[in-house]
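Coordinate inspection notes
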Amino acid sequence: MQNKHGSMRNLLGSLVTIALTGGCSHGVGDKQINDNHGTDFTQSKHPVTLVNHPKAPAATWQLVWEDSFDGHSINRRNWSLQENCWGGGNDEQQCYTRSKKNAFVQDGYLHIVARKENFTGPGDAEGKSASDKTLPYTSARLRSLGKREQKYGRFEIRAKLPQGQGTWPAFWMLPSKNQYGTWAASGEIDMMEAVNLKTQSDAAGAKSGTPENRIYGSLHYGKAWPDNVYTGQGVSLPGGISPADGFHTYAIEWEEGEIRWYVDNIHYATQTQDGWYSQYKSNGELVNAKGAAPFNQKFHLLMNLAVGGSWAANANDKGIDATVFPQTLLVDYVKVYRCSVDRWKGKGCATRGDQAIHPEGHQPPAILVQDDSYADGPELNIFSEQLNPALAYGSYNPVKLVSYQEVEEKGHGKVLQLIKQNGAGNLYFRAPVTDLTAWLSQGELIFDLNIESADKQAELLIKTDSGWPKTSDMNVPLPPVGQWQEVRIPLKTLFANTNRYVAGNQADPAAIKNLLVFEPVGGAMTLKLDNIRFQK
C-alpha cells in the first residue's frame with residue numbers, strides 16, 4: 001500500500017473506474033510515490049467468509065527474529081520511525097511523527113495511535129523536504145529498512161485493529177532496493193490491511209446494519225507508477241467476527257514463485273508467479289524481468305495506521321469520522337521465520353488449506369516498439385478488421401466486470417465487442433509514447449458504434465491519456481439501441497477537456513501512452529466498435 005501510507009494505491013471511487021492501473025499507497029524503496037489503492041477492493045461481487053479450519057504451520061519453519069514488545073521502548077535494532085506529512089501520496093490526512101504519543105511500548109504491546117491534532121512537518125515521503133505541510137491528524141509508521149530485511153520466509157503479526165470511518169491499518173513489505181525500478185515495478189506485498197472496521201459494510205448485497213469486517217491481502221507489481229497493477233483478496237473472519245474486537249494473527253508464507261496469506265492459521269489466498277510480472281527499462285529499452293521477479297529480492301517490514309486517503313475516505317460511510325479518534329493499532333508481536341528445508345528458495349515448508357482462493361493475476365502487456373511513426377500520415381487506423389500492429393489493447397478489469405472479444409458482424413466483418421457490468425473497468429488501446437500534436441488542428445476521431453444494450457443511466461466515456469492522471473475525457477452521444485452509427489469527434493475538442501475526476505490534469509498530446517480508452521460508466525452496457533481511426 002505504498003500510498004499507504006506511502007505506496008501507491010489508486011484513487012478511489014470514480015477515480016478507480018478510470019485508472020488503468022491500481023495500487024496502494026506506497027512508494028518505492030520506501031520512496032513513496034502516489035499509491036492509488038481504489039475502492040474496487042470493496043466492490044467485491046462475492047464477499048468470502050472463512051470457515052474456522054486452521055492448520056498449524058510446518059515445524060520446519062525456523063525463527064529468525066521476533067519482537068514481543070516486552071520492554072519499555074521501541075527496539076531501534078528492529079524499527080525506525082518515519083516523520084513526514086506527505087499524506088501517503090493519496091491524500092491521507094495524517095502526519096507520521098516520532099512522538100511517543102503516536103508510537104510507544106506499554107504492557108507488552110506496541111501502540112500505534114492516530115490522534116486528532118494538527119501537526120506540521122516535511123511534505124515529502126522521506127521527511128527531507130524544506131517545504132512543510134500541516135495536516136489535522138497524527139499517527140506513526142514503523143519500518144525495518146536497513147535493520148531487518150529478508151527474502152522468502154514466514155512473516156507474522158498478532159494484532160488488534162482499530163475501528164471507525166477513516167481508519168486504515170496495515171502490515172506490509174517493500175523492497176529494500178529497487179532492483180527493477182521505482183514503485184511498483186519492484187513490487188509490494190500487503191500482508192494485512194483493513195479500512196473503516198465496524199462502519200456500514202459496502203460489500204455487494206450487504207444489508208443495512210451489517211458492519212464492515214473484512215481484511216485484505218494483496219500484491220502490487222507491473223511497471224513503475226502509473227502503469228502498475230495489483231491483485232488482492234478480501235475475506236471476513238469465521239462467524240463474521242470483527243478484527244477490531246480482539247487479537248488475530250496475520251501472516252504470509254513467501255517462497256520462490258509463490259506467496260500465501262493466512263489469518264489465525266487459516267490459509268485464505270495464494271498468488272503465484274504466473275499471475276505477476278515486472279517490466280522495467282534496461283539500457284533505455286523496456287524488458288520483462290525474469291523468473292519470479294519482482295518478488296525475488298530482499299524486502300523489509302512496515303506497520304502503520306493511516307487516516308483517510310483514497311481508499312478509506314471513499315469507502316463505507318465516506319470521509320473521516322473525527323469523533324472516533326484516538327484509535328490504536330495494538331501489536332502483540334512480530335515474528336519472522338526462514339524455511340529450514342530450503343533456505344535459498346524458501347520451499348518445502350508450505351501449509352496449504354482448502355479455503356485458499358487463487359485470485360486471477362495479470363499478464364505482462366506487450367512491449368511495444370518505441371516508434372511513433374505509425375501515427376504519421378493522414379490516417380491512423382486503430383482497429384478495422386484487426387488491431388494496428390503498432391498498438392496493443394486490453395482491459396482495466398479490477399473486479400472482473402469487463403469482457404471483450406473480436407466477433408463477426410454482418411456487413412462489417414470483424415468488430416470489437418465490449419461487455420461491461422456496472423462498476424470499475426474499461427477497454428484501452430495502448431501505444432508507444434506518441435506525439436499527436438500534428439493531429440490537433442484538423443484531426444478527427446472517427447468510429448462506428450452499436451449499443452446492443454445499456455442500463456438507463458449508463459453513459460459512454462472516451463479518454464486519451466499521457467499517464468494517469470494526465471487524462472482528457474468526454475461523453476459520447478449514444479445512438480439508438482441496436483443501430484450502427486458513425487461517431488466523429490475533433491481531436492482538438494477531446495484534448496481540450498481535462499480529467500473530470502482529478503482537477504487540473506489534462507492529457508499531453510506530445511506524450512500519449514493510451515491512445516484511446518472506451519469506458520461505460522453509470523451502469524451496465526454492451527457495445528460494438530468498428531473502423532476506429534484518426535483522420536485528417
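Just so we're clear, the structure is a prediction, and the values are computed from it rather than from any experiment.

A few points about the state of the cysteines
All told, the structure shown has two disulfides when counted by the stated rule. Residue Cys85 pairs covalently with Cys95 via a disulfide, S to S 2.0 Å. Measuring the twist about the S-S bond at about 115 degrees, one finds the Cys85-Cys95 disulfide to be right-handed. Residue Cys85 is located in the loop between strand E5 (80–81) and strand E6 (94–96), and its partner Cys95 is located in strand E6; the two are separated by ten residues in the primary sequence.

Things to note about empty space enclosed by the protein
Tallied over the full model, the rule gives two cavities of 30 Å³ or more. There is about 40 Å³ of room inside the second largest cavity. Lining the second largest cavity are Trp65, Arg148, Glu149, Gln150, Phe155, Met173, Phe299, His300, Leu301 and Val336. Only strand E11 (149–150) and strand E22 (299–307) provide two or more residues apiece to the lining of the second largest cavity. Considering every element that reaches the lining of the second largest cavity, the biggest residue donor is E22, with three residues. For the lining of the second largest cavity, the residue count by class is six nonpolar, two polar and two charged.

A short note on the pattern of salt bridges
Inspection of every chain in the model, using the stated rule, returns 23 salt bridges. We note a salt bridge from Arg154 to Glu156, for which the minimum N-O separation is 2.7 Å. Note on Arg154: relative accessible area 2%, which makes it buried. The class for Glu156 is buried, based on a relative accessible area of 7%. The partner of Arg214 in a salt bridge is Glu212, with the nearest N and O atoms 2.7 Å apart. For the residue pair Arg214 and Glu212, the accessibility class agrees, reading buried in each case. What emerges from the salt-bridge pattern is a single network uniting Arg154, Glu156, Glu253, Glu255, Glu258, Arg260, Lys347 and Arg352.

Quick word on the packing of aromatic side chains
Tallied over the full model, the rule gives 17 aromatic pairs. On the basis of an interplanar angle of 80 degrees and a centroid distance of 5.3 Å, the ring pair of Tyr152 and Trp254 is categorised as edge-to-face. Of this pair, Tyr152 sits in the loop between E11 and strand E12 (153–160) while Trp254 sits in strand E17 (residues 248–255); the two residues are 102 residues apart in sequence, bridging distant segments of the chain. Accessibility assignment for this pair places Tyr152 and Trp254 in one class, buried. Cluster of aromatic residues (ring-pair linked, three or more members): Tyr152, Phe155, Trp254, Trp276, Phe295 and Phe299. The ring of Tyr137 is capped by Lys116, whose NZ or CZ atom sits 5.1 Å from the centre of that ring. The ring centre of Trp439 lies 4.8 Å from the NZ or CZ of Lys536, which sits over that ring.

Quick notes on the layout of surface pockets
Roughly 550 Å³ of internal volume is contained in the second largest pocket. Every residue lining the second largest pocket is counted, 25 residues in all, and those nearest its centre are Lys223, Asp227, Lys281, Leu286 and Gln370. Going through the elements one at a time, strand E20 (279–282), strand E21 (285–288) and strand E29 (426–434) are the ones with two or more residues in the lining of the second largest pocket. Take the lining of the second largest pocket: its biggest share by element is four residues, from E29. The residue inventory of the lining of the second largest pocket, partitioned by class, reads 14 nonpolar, five polar and six charged. Residue contributions to the lining of the second largest pocket reach at least three from each of two domains, namely domain 1 (48–339) and domain 2 (373–535).

With respect to the pairing of strand E19 (residues 266–272)
Strand residues, when the strand is regular, have side chains that alternate between the two faces of the sheet. Among the seven residues that make up E19, seven are buried, leaving the element largely enclosed by the rest of the structure. Pairing of strand E18 (residues 258–263) with E19, which is carried by six bridges, proceeds in the antiparallel orientation. If you follow Arg260 over to E19, its bridge partner there is Thr270. The hairpin turn running from E18 into E19, its antiparallel successor, is two residues long, and Asp264 in that turn takes a positive phi close to 50 degrees.

Thoughts on the confidence of the model for the protein
Overall, the predicted model of the protein reaches an average pLDDT of 90, with 91% of residues at or above 70. For the stretch residues 2–39, pLDDT sits under 50, and the model shows 280 contacts to residues farther than four places along the chain or on other chains.

Some points on the domain arrangement of the protein
Annotation of the protein at the domain level lists domain 1 (48–339) and domain 2 (373–535). The distance between the C-alpha centroids of domain 1 and domain 2 comes to 36 Å.

Notes on the sheet that holds strand E34 (residues 512–521)
Strand order in this open sheet of five strands is E26-E29-E34-E31-E32, and the pairing throughout is antiparallel. Edge positions in the sheet fall to strand E26 (392–396) and strand E32 (471–475), since each has one partner strand and no second. Recorded for the sheet is a direction-independent mean angle of 20 degrees between the axes of neighbouring strands.

Here's the deal with unusual backbone geometry
Ala184 follows Trp183 through a cis peptide bond whose omega is 5 degrees. Secondary-structure assignment places Ala184 in the loop between strand E13 (167–175) and strand E14 (188–193). At Lys198, a position not held by glycine, the phi torsion is positive, near 75 degrees. By the secondary structure assignment, Lys198 is in the loop between E14 and strand E15 (214–222). Positive phi, normally seen in glycine, also occurs at Lys318, with a value near 70 degrees. Its place among the elements puts Lys318 in the loop between helix H2 (309–312) and strand E23 (327–339).

Cut-off values and rules
Residues numbered from 1 in each chain as written. Predicted model: local features only at pLDDT ≥ 70, side-chain atom pairs only at ≥ 80, totals over all residues. Heavy atoms only, no water. Disulfide = S-S within 2.5 Å. Helix = DSSP H or I, 4+ residues; strand = E, 2+ residues; numbered from the N terminus. 1 Å grid on protein atoms, 1.4 Å probe; cavity = no way out; pocket = protein on both sides within 12 Å on 5 of 7 lines; lining within 4 Å. Points joined across faces, edges and corners; volume = space filled by probe spheres on them. Nonpolar A, V, L, I, M, F, W, Y, C, P; charged D, E, K, R; others polar. Salt bridge = Lys/Arg side-chain N within 4 Å of Asp/Glu carboxyl O. Buried < 20%, exposed > 50% of the residue type's maximum accessible area, 1.4 Å probe, protein only. Phe/Tyr/Trp six-rings, centres within 6.5 Å; stacked < 30°, edge-to-face > 60°. Lys NZ or Arg CZ within 6 Å of the ring centre and 35° of its normal. Domains from an automatic or database assignment. Pairing = 2+ DSSP bridges. pLDDT = per-residue confidence, 0-100. Contact = heavy atoms within 4.5 Å. Axes fitted to C-alpha atoms, helices over the stretch in contact; angles between N-to-C directions.

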